[in-house]
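Fold and geometry: a report
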Amino acid sequence: MDRGGDPRPGRDFIIALGFSLAAGVAIFTAPGPSFPVLHTILNTGIALCTVAVSLLFWDLGWRTPAHLVRYMAIVYAVVGLLQILHVLAALEPASASEALNSVVRRLRSGTWAPPAYLLPVGIAIIL
């Protein structure tokens with residue numbers, strides 16, 4: 001297998017676009033009652049992507065002398081942890097009482113804003 005070939009960004013973009021379209025069709029053709037589960041799945045995907053980007057920035061920051069990239073890794077790591085907290089708050093225990101469910105609902109709405117606002121503010125401060 002020849003690994004020294006020229007990069008083909010057009011081909012890679014078409015492949016990524018095809019997978020994204022297939023995933024979008026699969027998600028949006030799902031029946032309506034499963035939509036709350038879909039929300040949790042999408043939140044989990046966002047959290048995992050944020051943590052993965054943080055690890056990529058961290059690796060890039062240690063391989064190069066760029067200090068700004070290390071700061072970006074820290075911002076993305078904090079946002080990723082906050083998003084994981086939001087996902088955990090969205091998981092409602094099935095056997096919980098109504099009072100506990102009320103607390104969980106308030107916790108869920110309170111865990112959305114910090115990662116949503118911290119990422120653009122953190123990037124703006126770094127730049």
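The following paragraphs examine the structure supplied in this document.

What counts, and at which threshold
Residues numbered from 1 in each chain as written. Predicted model: local features only at pLDDT ≥ 70, side-chain atom pairs only at ≥ 80, totals over all residues. Heavy atoms only, no water. Helix = DSSP H or I, 4+ residues; strand = E, 2+ residues; numbered from the N terminus. Expected span 1.5 Å × (residues − 1). Buried < 20%, exposed > 50% of the residue type's maximum accessible area, 1.4 Å probe, protein only. Contact = heavy atoms within 4.5 Å. Patch = residues over 30% accessible without salt bridge, like charges linked within 9 Å, V, L, I, M, F, W, Y side chains within 5 Å. Areas by Shrake-Rupley, 256 points an atom, 1.4 Å probe, with all protein chains shown as cover. Salt bridge = Lys/Arg side-chain N within 4 Å of Asp/Glu carboxyl O. 1 Å grid on protein atoms, 1.4 Å probe; cavity = no way out; pocket = protein on both sides within 12 Å on 5 of 7 lines; lining within 4 Å. Points joined across faces, edges and corners; volume = space filled by probe spheres on them. Nonpolar A, V, L, I, M, F, W, Y, C, P; charged D, E, K, R; others polar. Core = buried A, V, L, I, M, F, W, Y, C linked by side-chain atoms within 4.5 Å.

1. Some thoughts on helix H5 (residues 113-126)
With 14 residues, H5 extends 20 Å from end C-alpha to end C-alpha; this agrees with the ideal 20 Å at 1.5 Å per step. Residues of H5 that are buried: Pro115, Gly122 and Ile126. Where H5 is buried, its residues meet helix H3 (67-90).

2. Let's talk about a nonpolar patch on the surface
On the surface, Trp58, Trp62, Leu68, Tyr71, Ile74, Val78 and Leu118 cluster together into a nonpolar patch covering about 690 Å² of accessible area. The element that contributes the greatest number of residues to the nonpolar patch is H3, accounting for four residues. Counting through the fold element by element, Leu68 comes out in helix H3.

3. Here's the deal with the layout of surface pockets
Size it by volume and the largest pocket reaches roughly 170 Å³. In this structure, the largest pocket is lined by Asn43, Ile46, Thr50, Val79, Gln83, His86, Val87, Trp112, Pro115, Ala116 and Leu119. Where the lining of the largest pocket is concerned, the elements lending two or more residues are helix H2 (35-63), H3 and H5. A per-class count over the lining of the largest pocket returns seven nonpolar, four polar and no charged.

4. What to know about the pattern of salt bridges
Going through the model one piece at a time under the given rule, you end up with one salt bridge. A salt bridge links Asp59 to Arg63, with the shortest nitrogen-to-oxygen separation between them at 2.9 Å. In this pair, Asp59 and Arg63 are both assigned in helix H2, four residues apart and thus about one turn of the helix distant.

5. Topic: the nonpolar core
Core analysis: the largest hydrophobic core is formed by five residues, namely Met72, Val75, Tyr76, Val79 and Ile126. In terms of residues, this core owes the most to one element, H3, which gives four residues. Leaving out residues up to four positions away in the same chain, Ile126 has contacts with Leu68, Tyr71, Met72 and Val75.

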